[in-house]
Amino acid sequence: MRKHVVANWKMNGSSLLVDQIVDRLSSSSFDVDVTLCVPFPYLVQVRSRVADHPIGVGAQDCDERESGAYTGQVSVAMLDEVGCDLVILGHSERREYFAETNIIVSRKIKVALAAGLRVVLCVGEALKQRDEGSEKAFIAEQLSVLNGLTDLSCVSIAYEPIWAIGTGRTAELSQIAEMHGFIKSVVNVPVLYGGSVKSSNVASIVSVQDVDGVLVGGASLVPEEFVNLCRNAG
Ligand code: PEP
């Protein structure tokens, strides 16, 4: 199965960077599927720029309601209308800074799937749970938001240990293998790894059993680095 490289720009980037990255990606060829999850204002630009290339377009969040007086929010219908393929949900930064609970994440997953979007559900433990040895129980709880869904064909999981996000500290390959195996024993869908993935470590990470791709933050913002990462992931 082809690996999936999902770029999470977070609240970074610019219209110029969209052009630079799409130009670099579209003039290279890879053996991986690539999706660019950019801030809302750049979705239309990315969609139109990648029209002739096999590059996906994704958002980093959505609201759980259809429409209405929710200032600042963006609905799944809007994401669908501008050509989004995918939405990242439950990222640890949304959980931490925007008080997103499993209940809210579960509602968002349902509306996103109903709108025909592919969902990347982020799960991952903090250092506290890892030190306590409760990381699997914690992740099982996060995965329980999928309970009751009969069709998971449009769902992927991103396993992102919080202590490895943006810290330069990647989980050990044995830790990745163990957690991906555990996640797949709970829910049999593609599982991506996220946390300080770079062009220099991606090949070893994607070679680990049960790693179906990567979710990439910082390294997806540097055109040369991201293109090399996609190449090395294939
Ligand atoms: C992320 O936040 O999804 C992420 C993986 O970030 P980074 O690659 O910068 O650790």
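Structure first, text after, so check above.
A few points on the structure. (Residues numbered from 1 in each chain as written. Predicted model: local features only at pLDDT ≥ 70, side-chain atom pairs only at ≥ 80, totals over all residues. Heavy atoms only, no water.)

1. Section: the packing of aromatic side chains
Counting across every chain of the model gives 1 aromatic pair. Judged by centre distance (6.3 Å) and plane angle (55 degrees), the ring pair of Y159 and Y193 falls under tilted. Placement of the pair is Y159 in strand 6 (residues 155-159) and Y193 in strand 7 (residues 191-194), with a sequence separation of 34 residues. As far as burial versus exposure is concerned, Y159 and Y193 are alike and both buried. The lysine or arginine in question, R65, covers the ring of Y70, its NZ or CZ lying 3.9 Å from the ring centre. It is R94 that lies over the ring of F98; its NZ or CZ is 4.2 Å from the centre. (Phe/Tyr/Trp six-rings, centres within 6.5 Å; stacked < 30°, edge-to-face > 60°. Helix = DSSP H or I, 4+ residues; strand = E, 2+ residues; numbered from the N terminus. Buried < 20%, exposed > 50% of the residue type's maximum accessible area, 1.4 Å probe, protein only. Lys NZ or Arg CZ within 6 Å of the ring centre and 35° of its normal.)

2. Overview of the packing of helix 1 (residues 15-26) against helix 10 (residues 223-233)
Between helix 1 and helix 10, whose axes approach to 9 Å, the crossing angle comes to 35 degrees. Between helix 1 and helix 10 lies a crossing whose hand is right-handed. On helix 10, the residues touching L17, Q20, I21, R24 and L25 of helix 1 are P223, E224, F226, V227 and C230. For the contact of helix 1 with helix 10, the residue count by class is 7 nonpolar, 1 polar and 2 charged. (Axes fitted to C-alpha atoms, helices over the stretch in contact; angles between N-to-C directions. Left-handed = near helix turned anticlockwise from the far one by under 90°. Contact = heavy atoms within 4.5 Å. Nonpolar A, V, L, I, M, F, W, Y, C, P; charged D, E, K, R; others polar.)

3. What about the packing of helix 7 (residues 135-143) against helix 8 (residues 173-186)?
With their axes 11 Å apart at the nearest point, helix 7 and helix 8 run at an angle of 40 degrees to one another. In terms of axis orientation, helix 7 runs oblique to helix 8. At the point where helix 7 passes helix 8, the crossing takes the right-handed sense. Residue-level inspection shows E135, K136, I139, A140 and L143 of helix 7 in contact with helix 8, the latter providing E178, M179, F182, I183 and V186. A per-class count over the contact of helix 7 with helix 8 returns 7 nonpolar, no polar and 3 charged. (Parallel < 35°, antiparallel > 145°, perpendicular 65-115°, else oblique.)

4. A look at the environment of R107
The topology assignment puts R107 in helix 5 (residues 102-114). Residue class for R107 comes out partly exposed when judged on its relative accessible area of 43%. C-alpha of R107 to C-alpha of S75: the two residues are 32 residues apart in sequence and 12 Å apart in space.

5. Brief notes about the site of the ligand
Inspection of the region around the ligand gives 15 residues, with K10, H91, E160, G166 and S196 positioned closest. Interatomic distance of 2.5 Å between a side-chain N/O atom of K10 and an oxygen atom of the ligand. Taking S196, its main chain carries an N or O atom lying 2.8 Å from an oxygen atom of the ligand. Relative to its unbound accessible surface of 300 Å², the ligand loses 95% to contact with the protein. Put simply, the ligand lies in the second largest pocket. Class assignment for the residues of the shell around the ligand results in 4 nonpolar, 8 polar and 3 charged. (Near = heavy atom within 4 Å. Polar contact = N/O pair within 3.5 Å; in protein donor to acceptor, adjacent residues only side chain to side chain. Areas by Shrake-Rupley, 256 points an atom, 1.4 Å probe, with all protein chains shown as cover. 1 Å grid on protein atoms, 1.4 Å probe; cavity = no way out; pocket = protein on both sides within 12 Å on 5 of 7 lines; lining within 4 Å. Sits in = over half its atoms within 2 Å of the grid points.)

6. Comments concerning the side chain of E135
Along the polypeptide, E135 turns up in helix 7. Sequence-distant contacts of E135, defined by excluding residues within four places in its chain, comprise E125, Q129, R130 and M179.

7. So, the sheet that holds strand 8 (residues 213-216)
Taken in spatial order, the 8 strands of this closed barrel run 1-2-3-4-5-6-7-8, and their pairing is parallel. With direction set aside, neighbouring strand axes in the sheet form an average angle of 25 degrees. Relative to strand 7, strand 6 is paired through 3 bridges, and the arrangement is parallel. Following the sheet pairing, Y159 is matched in strand 7 by Y193. (Pairing = 2+ DSSP bridges.)

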